[in-house]
Amino acid sequence: MSQHTPGPWKIFSYKFDNNYLGYAVGPETNPAIAKIINCSPATEKANARLIAKAPEMLDLVRRLAYGSNQPFDHPDARAMHKAGIVALALLREIEGDSQ
């Protein structure tokens, strides 16, 4: 499994081709791990917000996939168990693990 660039990630205004202003996403040390271009301004901003939250979403998926603190007799235990199964499958896709 390869490592992604650690978060938190932020949104930066980015000048492309000396005349087009768009968005870039990444940590302050590397603000251009993702460049968002060729969309409407509103869509570019929405995509930038989504991408910037990827490290936090990955952390949440890991916590769901590898267990909750709910006991199995808790009323939400079945729902949490199902969410954990889905989260584990998603995590395997994100991390490139085929098992």
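Residues numbered from 1 in each chain as written. Predicted model: local features only at pLDDT ≥ 70, side-chain atom pairs only at ≥ 80, totals over all residues. Heavy atoms only, no water.

Focus on the pairing of strand β1 (residues 10-16)
Two strands pair when backbone bridges link them, and β1 and strand β2 (residues 20-26) are joined in this way by 7 bridges, in the antiparallel orientation. Bridging across to β2, I11 finds its partner in V25. Taken together, β1 and the strand that follows it, β2, pair antiparallel across an intervening segment of 3 residues, in which D17 is found at a positive phi of about 50 degrees. (Pairing = 2+ DSSP bridges. Helix = DSSP H or I, 4+ residues; strand = E, 2+ residues; numbered from the N terminus.)

What to know about the pattern of salt bridges
One pass over the structure, following the stated rule, counts 2 salt bridges. The partner of K10 in a salt bridge is E28, and the shortest N-O contact between them spans 2.4 Å. Residue K10 is found in strand β1, and its partner E28 is found in the loop between β2 and β3 (34-36); the two are separated by 18 residues along the sequence. The class for K10 is partly exposed, based on a relative accessible area of 38%. The shortest N-O distance in the salt bridge between E56 and K53 comes to 3.0 Å. For K53, a relative accessible area of 42% corresponds to the partly exposed category. (Salt bridge = Lys/Arg side-chain N within 4 Å of Asp/Glu carboxyl O. Buried < 20%, exposed > 50% of the residue type's maximum accessible area, 1.4 Å probe, protein only.)

Some points on helix α1 (residues 41-52)
End to end, α1 covers 16 Å across 12 residues, agreeing with the expected 16 Å (1.5 Å per residue, within 8%). Looking at α1, one finds that the buried residues are E44, A48 and A52. An end-on view of α1 places all buried positions within 65 degrees of arc, on one side of the element. Seen from the open side of α1, the exposed residues pointing more than 90 degrees away from its buried face are A42 and L50. Against β1, β2, β3 and α2 (54-65) lie the buried residues of α1. (Expected span 1.5 Å × (residues − 1). Arc of directions from axis to C-beta. Contact = heavy atoms within 4.5 Å.)

Any functional reading would require information that these geometric values do not contain.
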